[in-house]
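Secondary and tertiary structure notes
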Amino acid sequence: MKYEFMKRTIEVASKGSGFVNPKPLYGAVLVKDNNIIGEGYFDGTKAEVAEIKAIKNSTENTQGASLYLNMEASLGNEDISVILKNGIKNIYFGILDPVLKGKTVNLLREKGIQVETGLLRDECEELNEIYIHYIKNGIPFVFTKWAMTLDGKLATRTGDSKWISNEDSLKFVHKLRQRVAAILVGENTVKLDNPMLNTRLDCPKISNPLRVIISKYGDIPNDSNVLKVDDNTKTLIIASTNIAKERENYFLHKKVNVMKLEEKSGYIDFKDIVKALGKIGIDSLYIEGGGAILGSAFDSGIVNKVYAVVAPKIIGGKGAVTPVGGKGIEKMRDALVLKKVTHEIVGSDVIFKGYLY
Ligand SMILES: NC(=O)c1ccc[n+]([C@@H]2O[C@H](COP(=O)([O-])OP(=O)(O)OC[C@H]3O[C@@H](n4cnc5c(N)ncnc54)[C@H](OP(=O)(O)O)[C@@H]3O)[C@@H](O)[C@H]2O)c1
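Since the model is a prediction, treat every value here as computed from it, not as a measurement. (Residues numbered from 1 in each chain as written. Predicted model: local features only at pLDDT ≥ 70, side-chain atom pairs only at ≥ 80, totals over all residues. Heavy atoms only, no water.)

**Thoughts on the pairing of strand β8 (residues 210-214)**
Buried residues dominate β8, accounting for 5 of its 5 residues. Every second residue of β8 is oriented toward a common face, with Leu210, Val212 and Ile214 on one face and Arg211 and Ile213 on the other, all of them buried. Strand direction decides the pairing type here: strand β7 (residues 182-186) and β8, joined by 5 bridges, are parallel. Directly across from leucine 184, in β8, lies its bridge partner valine 212. For the handedness criterion, the β-α-β arrangement of β7, helix α8 (residues 187-193) and β8 is classed as right-handed. The pairing of β8 with strand β9 (residues 235-240) spans 4 bridges and is parallel. Residue pairing in the sheet places arginine 211 in a bridge with threonine 235 of β9. (Buried < 20%, exposed > 50% of the residue type's maximum accessible area, 1.4 Å probe, protein only. Helix = DSSP H or I, 4+ residues; strand = E, 2+ residues; numbered from the N terminus. Pairing = 2+ DSSP bridges. Right-handed = clockwise from strand over helix to strand, strands pointing away.)

**Looking at the site of the ligand**
As a structural note, the neighbourhood of the ligand is formed by 26 residues, with Ser161, Thr189, Asp193, Tyr267 and Ala292 the closest of them. In this structure, an oxygen atom belonging to the ligand sits 3.0 Å away from a main-chain N or O atom of isoleucine 293. Separating a nitrogen atom of the ligand from a side-chain N or O atom of serine 296 is a distance of 2.8 Å. Coverage of the ligand by the protein chains reaches 83% of its 940 Å² of free accessible surface. The set of elements that each furnish at least two residues to the shell around the ligand consists of β6 (141-149), α8, β12 (267-268), β13 (284-289) and α11 (291-300). (Near = heavy atom within 4 Å. Polar contact = N/O pair within 3.5 Å; in protein donor to acceptor, adjacent residues only side chain to side chain. Areas by Shrake-Rupley, 256 points an atom, 1.4 Å probe, with all protein chains shown as cover.)

**Quick notes on the layout of surface pockets**
Where empty space is left becomes clear once a probe the size of a water molecule has been rolled over the atoms. What the second largest pocket holds in volume is close to 1,100 Å³. Looking at the second largest pocket, it is lined by 35 residues, and the ones nearest its centre are Ser14, Ser17, Leu127, Lys175 and Arg179. Every element with two or more residues in the lining of the second largest pocket is listed here: α1 (2-14), α5 (121-127), α6 (129-137), α7 (167-179), β14 (305-311), β15 (339-346) and β16 (349-355). Among the elements that line the lining of the second largest pocket, the one with the most residues is α7, at 7 residues. Of the residues belonging to the lining of the second largest pocket, the class tally is 15 nonpolar, 4 polar and 16 charged. When residues of the lining of the second largest pocket are assigned to domains, at least three fall in each of domain 1 (2-129) and domain 2 (139-355). (1 Å grid on protein atoms, 1.4 Å probe; cavity = no way out; pocket = protein on both sides within 12 Å on 5 of 7 lines; lining within 4 Å. Points joined across faces, edges and corners; volume = space filled by probe spheres on them. Nonpolar A, V, L, I, M, F, W, Y, C, P; charged D, E, K, R; others polar. Domains from an automatic or database assignment.)

**Concerning the UniProt feature "binding site: NADP(+)" (unreviewed entry) in the protein chain**
Mapped onto the present numbering, the UniProt feature "binding site: NADP(+)" (unreviewed entry) falls on Ala147, Trp163, Thr189, Asp193, Gly290, Gly291, Ala292, Ile293, Leu294, Gly295 and Ser296. An extended arrangement is adopted by the annotated residues: their sequence extent is 150 residues, and the largest C-alpha distance between any two is 23.9 Å. Within the secondary structure, aspartate 193 is located in helix α8. Beyond its immediate sequence surroundings of up to four residues, aspartate 193 is in contact with Gly159, Ser161 and Lys162. At 3.5 Å, the side chain of aspartate 193 forms a polar contact with the side chain of serine 161. As for its placement among the helices and strands, leucine 294 is situated in helix α11. (UniProt positions renumbered as here; feature names shortened; annotations may be inferred. Contact = heavy atoms within 4.5 Å.)

**Some words on the side chain of arginine 177**
By the secondary structure assignment, arginine 177 is in helix α7. Here glutamate 288 takes part through its side chain, which lies 3.0 Å from a polar atom of the side chain of arginine 177. Beyond its immediate chain neighbours, meaning those up to four positions away, arginine 177 contacts Ile183, Leu197, Asn198, Thr199, Arg200, Ser207, Pro209, Tyr286 and Glu288.

**Focus: the pairing of β6**
For β6, a buried count of 9 out of 9 residues is recorded, marking the element as mostly surrounded by other parts of the structure. Residues Phe141, Phe143, Lys145, Ala147 and Thr149 line one face of β6 and the alternating positions Val142, Thr144, Trp146 and Met148 line the opposite face, and both faces are buried. Across 4 bridges, β6 lies against β13 in parallel orientation. Bridge pairing links phenylalanine 141 to serine 284 in β13. Judged from the 7 bridges that link them, β6 and β14 form a sheet pairing that is parallel.

**A short note on a nonpolar patch on the surface**
Residues Leu338, Val341 and Phe352 make up a contiguous nonpolar surface patch of roughly 230 Å² in combined accessible area. The residue phenylalanine 352 is located in strand β16 in this model. On the basis of relative accessible area, phenylalanine 352 is assigned to the partly exposed category, the value being 36%. (Patch = residues over 30% accessible without salt bridge, like charges linked within 9 Å, V, L, I, M, F, W, Y side chains within 5 Å. Salt bridge = Lys/Arg side-chain N within 4 Å of Asp/Glu carboxyl O.)

Written out as structure tokens, the structure reads:
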């Protein structure tokens, strides 16, 4: 049952998805006599911590109950005394916080609470992989996702890519958009697809990622959807330091921010991009394409996690763009090999997931 309760804790913590960055997702589940009697999660606001919410929401007397938390949290004396007063005897943690490194766990043990750590460690680590990576490295955790046909194409030879994947795979994309702080595409994708790059999910609260466009000289149409910004849908153009002043001013006038970075051999180095984004608090970056941008990102070695949606369609075309362009490698022995590979079948599509670095 312990594992079932921690699984539920992860689900509860996920409710904060999109609202906590750059902080972690926290969930708390209170259990008595093998029944869940209270739940709480961190929603990004300064309200009570998840465990106190779970205690306050409990439907029964909490004496002798156990608390499940996906990650060690920073608990003050006041929080600990609420836990003690409510007779919580055991606390199960999924993982330790990389900053606290067991400080809260030791404090709780000193107060006589039984603590067990490491329950569903891998799942809890994946839930907060963004936070863990950002805290350790100061740069965003980078996801890539593409949808390709069975013959390995991102779009037809004319650049049409709507739609390669099925509707359920598209929902998965929007869940990822909800989770991350920023989404990035290249200039050609803006020109050919005119994407909105917002989150479209059937849920009560939506969070749109910052839309990041790589466009060295700002060569995108003035009526592009990504240039329509409001309080909840913002855009940042990553441009060369050589962008024309008038073009930069045009974007600024439209309330679109511009980040200027040095060109290196005609490109903006992805290593510089992630460093600069990390400095402005972006903890996670989802690179959606197209092929040239994805290729450049892989060439720079900044990609952490790959999602590839494969749809059972064949479109052919020698010139049709493939998922990863860029320089690539010469020898198979140098291929990037994904780790912890899993796959999920979504209708007739298959979604591969794996890690690099
Ligand atoms: N199926 C999917 O999941 C999916 C997702 C997104 C897009 N797409 C499709 O992909 C197609 C567009 O792909 P694409 O490869 O043509 O275009 P793209 O990747 O959107 O943009 C390419 C442009 O970005 C430039 N660029 C690449 N890396 C750069 C860097 N590090 N710094 C500065 N500039 C950089 C390229 O320059 P160079 O030309 O000099 O290399 C080129 O001008 C569209 O047809 C779209 O529909 C499909």
